[in-house]
Every structure is written in structure tokens, then in C-alpha cells.
Amino acid sequence: MENIYDIDKVGDYLALREQEVLHPLVGLVDFNHVTEEGKTIRGYDALRFHCYAIFLKDATGCKLKYGGKCYDYDEGTLVFVSPNQVIGLTYNEPNYRPKGYALLFHPDLLLRTELSKKMNGYSFFSYSSNEALHLSAKERKVILSLLDKIQFELEQNMDKHSKKLIVANIELFLDYCTRFYDRQFLTREIENIGSMEKFNELLNDYFTSDKPRKHGTPSVGYFAEQLHLSSNYFGDLVKKETGKSAQEYIQNKLIEVAKERVFDPSKSVSEIAYELGFKYPQHFSRLFKQKVGHSPNEFRMLN
């Protein structure tokens with residue numbers, strides 16, 4: 001992507017869409033009220049955001065790209081963009097005009113608020129391919145009602161309550177999105193089961209190959225990439241299906257394999273550690289004792 005337009009502040013995006021800036025740190029665009037000129041982005045094939053952005057799309061014909069992959073982003077879906085993400089634009093229709101809404105807010109809006117402490121918990125801001133939030137009709141009504149409340153506050157004269165109420169509505173918006181994503185994980189249960197089966201196959205293959213010696217102990221990022229998922233979405237999927245974090249699930253599998261290999265008297269603990277991808281044997285022994293309650297040598301003697 002050669003021509004990237006930088007959205008350094010909320011006002012930059014509003015200017016791009018020819019919209020009035022009502023608040024320097026937060027803005028809402030209703031594309032029904034955007035001129036034809038404001039609906040086109042000419043001369044740029046990507047946007048780099050330095051603020052948070054949420055898009056509700058009501059038209060087909062455009063794909064957003066992040067990390068070289070298209071979002072699962074079509075009519076009636078929500079996509080979340082975090083600061084420093086570059087979003088590529090691909091148009092399937094030459095005369096495409098966006099419909100829907102865009103909500104942008106700068107990280108400075110959240111300073112000294114409880115929401116600033118929660119932002120890392122909204123993992124969907126780092127989702128990518130095939131991971132947009134598909135809203136039901138009822139969910140869409142909830143989202144639109146919250147956008148209406150935010151717009152109402154933006155149109156008022158700013159007072160000591162403005163920031164608190166705007167941030168509270170953004171927080172409520174994100175909390176509802178967390179609930180809706182939980183619902184989506186359930187409705188995509190068959191697809192998720194398929195991903196978990198593939199994950200377990202990849203995990204077994206990892207330990208029966210020379211990958212640990214070449215690449216070290218298996219990482220969450222490695223399996224997410226193999227499954228064509230973002231690390232956050234993959235981690236959330238594993239947590240929903242197993243009740244364990246992806247890292248914990250991988251470590252438990254590693255310890256299962258380690259227990260079997262510890263019984264081989266021809267191998268030292270150091271050899272086993274290197275076979276499993278550990279750079280330092282003491283790190284293996286520490287993890288083994290933490291998970292099993294005994295050191296590898298103690299476990300060998302006990303059994």
C-alpha cells in the first residue's frame with residue numbers, strides 16, 4: 001500500500017467525510033448525512049488510524065483489509081479498529097458509496113476514566129480476518145440507540161457532565177459488543193469446533209516433528225497464523241470452548257508430552273527440555289514442577 005492517509009485525530013476523518021467537528025476527541029458519522037463528495041476517498045488506498053474507530057456497515061461493495069487479509073465485513077456488521085492499524089480499501093463496485101455509521105474516539109478522551117483501564121480487555125479491537133461482529137436485528141437496535149445517545153451529547157453545549165456521559169455510553173456500547181460476540185461464538189459453534197479440531201491436530205504434529213528444536217516451544221501466535229485467525233480471536237475461541245486460555249491449553253499439552261518422555265531413562269532432563277523447544281532446561285523444570293507438583297526427576301522416581 002503506497003498511498004496511506006493518516007487519521008491523526010478525529011477531526012481528520014470528519015474532514016475527509018466533510019462533517020462538522022462537534023468534539024475534538026470523539027466524532028460520529030452517519031453516512032446518510034454525508035455528501036456524495038464526502039463519501040469518496042480519492043487518491044488513497046489505505047487509512048492509518050491513530051485513534052479508535054468502529055464501523056457499522058449497511059452496504060455491500062467494499063472490503064477492508066488488515067494484515068493483508070479482508071475483513072469478514074459486509075452489510076450489517078461491525079468492525080473495530082485500534083490506534084496504529086492500517087486499513088486497506090478494496091472496492092468491488094466502481095461507484096460504491098458507503099452507508100452506515102462510523103464512531104471514532106481518541107485515546108486522550110479516556111484519560112483518567114475507568115474505561116481506559118478496560119480497553120485492553122476488549123480483545124475484538126485486534127480481531128482481523130473473518131472476525132467481524134454480525135448483528136441480529138435486535139442487536140442492531142441496541143447499537144443504534146447508543147449511537148443516538150452519543151450523538152445527542154455531542155450536539156449539546158459542553159459542560160462538566162459531557163465527557164462522563166459520552167465515555168459512559170461508549171463503555172456501554174463496548175460491553176454490549178462483548179455480549180454480542182459471545183453470542184456469535186455460540187452460533188458459530190460448528191465452525192469453532194472445526195477450528196479446535198484443527199488446532200489439536202497442529203498441536204500434536206508440532207511435538208511429533210522437529211519444530212520444537214527449530215522454532216522453540218509452541219506459541220499462541222504460531223497456531224493462530226496456521227488457522228488464519230488473529231491471536232486475540234483465536235485466544236477467545238479457545239477460552240470459550242475449553243475454559244482455558246490458549247497459552248494454558250498449549251502448556252497443558254506440552255506437559256502431557258513431557259510426562260511421557262520423562263519415563264525414558266535413556267534421556268536426561270536437559271535432552272527432553274531441548275526436544276520440547278526449551279532454550280534453558282531450568283525453564284522446563286520450573287514449568288513442569290509448577291504444573292505437576294514435582295520436578296521432572298522427582299516425577300521419574302515416583303513413577
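Residues numbered from 1 in each chain as written. Predicted model: local features only at pLDDT ≥ 70, side-chain atom pairs only at ≥ 80, totals over all residues. Heavy atoms only, no water.

> I'd like to hear about the side chain of glutamine 184, residue by residue, with values.
Inspection of the secondary structure assignment puts glutamine 184 in helix 4 (residues 162-187). Apart from residues lying up to four places away in sequence, glutamine 184 is in contact with Ala132, Leu133 and His134. (Helix = DSSP H or I, 4+ residues; strand = E, 2+ residues; numbered from the N terminus. Contact = heavy atoms within 4.5 Å.)

> Can you lay out the side chain of glutamate 275 for me, pointing to particular residues and giving the numbers?
Structurally, glutamate 275 can be placed in helix 10 (residues 269-275). Within polar-contact distance, the side chain of glutamate 275 engages the side chain of arginine 261 at 3.4 Å. Discounting chain neighbours no more than four positions away, the residues touching glutamate 275 are Pro212, Arg213, Arg261 and Lys267. (Polar contact = N/O pair within 3.5 Å; in protein donor to acceptor, adjacent residues only side chain to side chain.)

> Report on the pairing of strand 2 (residues 26-30), specifying residues and quantitative values.
Within strand 2, five of the five residues are buried, leaving the element largely enclosed by the surrounding structure. Neither face of strand 2 is exposed, since Val26, Leu28 and Asp30 on one face and Gly27 and Val29 on the opposite face are all buried. Where strand 2 meets strand 9 (residues 100-105), five bridges bridge the pair, whose relative direction is antiparallel. Bridging from a neighbouring strand, glycine 27 pairs with leucine 104 of strand 9. (Buried < 20%, exposed > 50% of the residue type's maximum accessible area, 1.4 Å probe, protein only. Pairing = 2+ DSSP bridges.)

> Describe in detail the pattern of salt bridges, supporting the description with residues and values.
Tallied over the full model, the rule gives eleven salt bridges. The residue lysine 118 makes a salt bridge to glutamate 171 at a minimum N-O spacing of 2.8 Å. With lysine 118 in helix 2 (residues 114-118) and glutamate 171 in helix 4, this residue pair connects regions lying 53 residues apart in the sequence. Residue classification places lysine 118 among the partly exposed positions, given a relative accessible area of 31%. (Salt bridge = Lys/Arg side-chain N within 4 Å of Asp/Glu carboxyl O.)

> Help me get a handle on the nonpolar core, residues and values and all.
In terms of nonpolar packing, the biggest core is built from 65 residues, with Leu78, Phe80, Phe105, Phe125, Phe173, Leu174 and Phe234 touching the most fellow members. Among the elements that take part in this core, helix 4 stands out by supplying nine residues, more than any other. One finds Ile7, Val10, Val29 and Leu47 within the second-largest nonpolar core, a separate group that totals 21 residues. (Core = buried A, V, L, I, M, F, W, Y, C linked by side-chain atoms within 4.5 Å.)

> Any details on the packing of aromatic side chains? Residues and values, ideally.
The full count for this structure, using the stated rule, is 26 aromatic pairs. Seen in terms of ring centroids, tyrosine 122 and phenylalanine 124 are 5.8 Å apart; in terms of plane orientation they differ by 45°. Their pairing is tilted. Just as tyrosine 122 is buried, phenylalanine 124 falls in that class too. For the pair phenylalanine 199 and phenylalanine 223, a centre-to-centre distance of 5.2 Å together with 70° between the ring planes defines the contact as edge-to-face. A residue pair is termed long-range when its members are at least 10 positions apart, and phenylalanine 199 in helix 5 (residues 189-207) and phenylalanine 223 in helix 7 (residues 220-226) qualify at 24 residues. Judged by its relative accessible area of 0%, phenylalanine 199 is buried. Residue class for phenylalanine 223 comes out buried when judged on its relative accessible area of 0%. (Phe/Tyr/Trp six-rings, centres within 6.5 Å; stacked < 30°, edge-to-face > 60°.)

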